[in-house]
Amino acid sequence: MAFELPTLPYSKAALGAKNMSEETLDLHHGKHHQAYVTALNGFVEKDPALQGKSLEEIVTSTAAAGGPVFNNAGQHWNHIIFWQSLSPKGGVIPPKLEAKINEDLGSVTAFKDAFKAAGISQFGSGWAWLVLGPDGKLKVTKTPNGSNPLATGEGKVLLAADVWEHSYYLDFRNRRPDYLQNFLDVLANYEYAEAQL
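Residues numbered from 1 in each chain as written. Predicted model: local features only at pLDDT ≥ 70, side-chain atom pairs only at ≥ 80, totals over all residues. Heavy atoms only, no water.

Let's talk about the layout of surface pockets
Each pocket or cavity is described by its volume, and for the largest pocket that value is around 150 Å³. Contributing to the lining of the largest pocket are Met-1, Ala-2, Phe-3, Asn-41, Val-44, Glu-45, Leu-50, Gln-51, Gly-52, Lys-53 and Ser-54. Of the residues that constitute the lining of the largest pocket, the class distribution is 5 nonpolar, 4 polar and 2 charged. (1 Å grid on protein atoms, 1.4 Å probe; cavity = no way out; pocket = protein on both sides within 12 Å on 5 of 7 lines; lining within 4 Å. Points joined across faces, edges and corners; volume = space filled by probe spheres on them. Nonpolar A, V, L, I, M, F, W, Y, C, P; charged D, E, K, R; others polar.)

Okay, here's the thing in structure tokens:
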């Protein structure tokens, strides 16, 4: 069965008031993410060893080798989480998640500072993540290009921010720090993150 581009959990216009334009979502979801899905399906079609595997199985089995299959599978997986990490009602951290952040990361401010720093310091393309580590503690991490915590074994993803330029350039130009601050303050779907706990 072929992989498919997921439907957004909100309209393409829904995040405009949160500084993510319909044009950005149209290009990012409809063009970039679709291209990863199309390419991945092409690789699966040509390689019997990949056929019948779940997306997670493809990501983990190709992580060590890297290359185009991993890159496209990783980007498909990453984006599925990224769309869930955004919300027109974002920016509000529910009590259970806030308590866990305070316990593991010191404070909400410390978490936001660490997350923003991870995204800013990721040279070139990549991702910033909030994960629940194997030790049961929250941590902030980053990965380059199409990699992710599933591939690196760093834990279960609660929240993802795409720091590839196509995710913010139309709305923020080259101001990645402003995009990340906006993500954390008004776009991040902390209810989704809490549900992953």
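A few points about the packing of helix 4 (residues 95-105) against helix 5 (residues 108-121)
The contact between helix 4 and helix 5 brings their axes to 8 Å, and the two run at 75°. If you check the angle between helix 4 and helix 5, you find them roughly perpendicular. Across from Glu-98, Ile-101, Asn-102 and Leu-105 in helix 4, the residues of helix 5 making contact are Val-108, Ala-110 and Phe-111. Residue composition of the contact of helix 4 with helix 5, by class: 5 nonpolar, 1 polar and 1 charged. (Axes fitted to C-alpha atoms, helices over the stretch in contact; angles between N-to-C directions. Helix = DSSP H or I, 4+ residues; strand = E, 2+ residues; numbered from the N terminus. Parallel < 35°, antiparallel > 145°, perpendicular 65-115°, else oblique. Contact = heavy atoms within 4.5 Å.)

Digging into the packing of helix 2 (residues 55-62) against helix 3 (residues 67-84)
The N-to-C vectors of helix 2 and helix 3 enclose an angle of 135°; their axes lie 9 Å apart at closest approach. In terms of orientation, helix 2 and helix 3 fall into the oblique class. Like other packed secondary-structure pairs, helix 2 and helix 3 cross with a definite hand, here left-handed. In this structure, helix 2 contributes Leu-55, Glu-56, Ile-58, Val-59 and Thr-62 to the contact, and helix 3 contributes Val-69, Phe-70, Ala-73, Gly-74, His-76, Trp-77 and Ile-80. (Left-handed = near helix turned anticlockwise from the far one by under 90°.)

Focus: helix 2
Restricting attention to buried positions, one finds in helix 2 the residues Leu-55, Ile-58, Val-59 and Thr-62. In an axial view of helix 2, the angular spread of the buried residues amounts to 100°, which keeps them on one side of the axis. Tucked inside the fold, the buried residues of helix 2 contact helix 1 (22-46), helix 3 and helix 6 (149-152). (Buried < 20%, exposed > 50% of the residue type's maximum accessible area, 1.4 Å probe, protein only. Arc of directions from axis to C-beta.)

Some words on the packing of aromatic side chains
Under the definition given, this model contains 10 aromatic pairs. Geometrically, the ring pair formed by Tyr-168 and Tyr-169 is tilted, given 6.4 Å between the ring centres and 40° between the ring planes. A centroid spacing of 6.1 Å and a plane angle of 65° characterise the contact between Phe-172 and Tyr-179, whose relative ring orientation is edge-to-face. On the accessibility criterion, Phe-172 (8% relative accessible area) is buried. Note on Tyr-179: relative accessible area 1%, which makes it buried. These aromatic residues form a ring-pair network of at least three members: Trp-77, Phe-82, Trp-83, Trp-127 and Trp-129. (Phe/Tyr/Trp six-rings, centres within 6.5 Å; stacked < 30°, edge-to-face > 60°.)

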